[in-house]
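As a plain string of letters, each chain reads:
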Amino acid sequence: MSRSVLKAILGLLMRVLYRPRVEGVANIPGDGPVIVAGNHVTFVDSLFLSLVVERQVYFIGKDEYVTGKGVKGRLMAWFFTTCGMIPVDRDGGHGGVAALMTGRRVLEEGRIFGIYPEGTRSPDGRLYRGRTGVARLALMTGAPVVPFAMIGTDKVQPGGSGMLRIAPVTIRFGRPLEFARYEGMDRDRYVLRAVTDEVMSEVMRLGGQEYVDIYATKAKAA
C-alpha cells in the first residue's frame, strides 16, 4: 500500500472521528526545503502532522519502532516508515549528531523535515525550552522554519500511550521564519540560542501554552 492510499484512509478516519481544525497550513511552501517545528505533547502528534500536511513530512523516530520481530514488527516498520519516520538510534553517544545529519540530508533533498525542538514529549502539557538543533538545521541549509502548535492531542492520547480517545484537535501553523541574516553563523552558540528562542516564542504564541525555561528532560528527571 502506497503512502497516498494510507494517507487517504487514515485521513478519512481522522476527519470523521476527530474533525481536526487546521489553521494556516497554506503557510507551508509548496516546494523546496522546509522545517516544521512545534510542540510535542503526545505520541500521535507526528501522525496528525503527517495527515494534515499535503507534502510528505519526514521526522526522526526511535529505531526500536522498526526493528521488531515477526508479523507485528514488520507491520509496525511498514506503517512508521510509510508515514515518513526515519529510524535513528538516539540512545547512543552520537544520537544527536545522527539526527541532525539526517535532518540536513532531508532538507538538502528539498523535502519537509518535522522537528520538536523540546527534544521529547512534554511531561505536563507545558512548553519547555527548545534545543538548538532546529537553529543549526535552519542556518546550515537556509530552509525556512514554519512553527506549529498541536492543541488537544494530549486529550486524544493522555500520557502518550494506551487507547486513543475522541477529543477536539486543532493544528495551527504560523508564518515562515527566515534566518538569512545569520548566514554562516551556525557555530555561534548565542545566535543558535536566539534563533531557537524565536521559534519557541512563535510556537508558544500559536498554542497558548505556559512556557518553562528549562529543558523537558530535566523536568522529567526531577
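Up top is the structure these notes are about.
We now turn to the structure provided with this report. (Residues numbered from 1 in each chain as written. Predicted model: local features only at pLDDT ≥ 70, side-chain atom pairs only at ≥ 80, totals over all residues. Heavy atoms only, no water.)

Some thoughts on the environment of Pro87
Looking at the element boundaries, Pro87 is found in strand β4 (residues 85–88). Taking the C-alpha atoms as reference points, Pro87 and Lys62, separated by 25 residues in sequence, lie 5.5 Å from one another. Contacts of Pro87, omitting those with residues within four sequence positions, involve Gly61, Asp63 and Val66. (Helix = DSSP H or I, 4+ residues; strand = E, 2+ residues; numbered from the N terminus. Contact = heavy atoms within 4.5 Å.)

Things to note about empty space enclosed by the protein
Counted by the stated rule, this structure contains one cavity of 30 Å³ or more. The computed volume of the largest cavity comes to approximately 60 Å³. What lines the largest cavity is Arg3, Leu6, Lys7, Ser50, Leu51, Thr82 and Cys83. Within the residue set of the lining of the largest cavity, elements represented by two or more residues are α1 (3–17) and α2 (45–52). Residue contributions to the lining of the largest cavity peak at three residues, all from α1. Of the residues that constitute the lining of the largest cavity, the class distribution is three nonpolar, two polar and two charged. (1 Å grid on protein atoms, 1.4 Å probe; cavity = no way out; pocket = protein on both sides within 12 Å on 5 of 7 lines; lining within 4 Å. Points joined across faces, edges and corners; volume = space filled by probe spheres on them. Nonpolar A, V, L, I, M, F, W, Y, C, P; charged D, E, K, R; others polar.)

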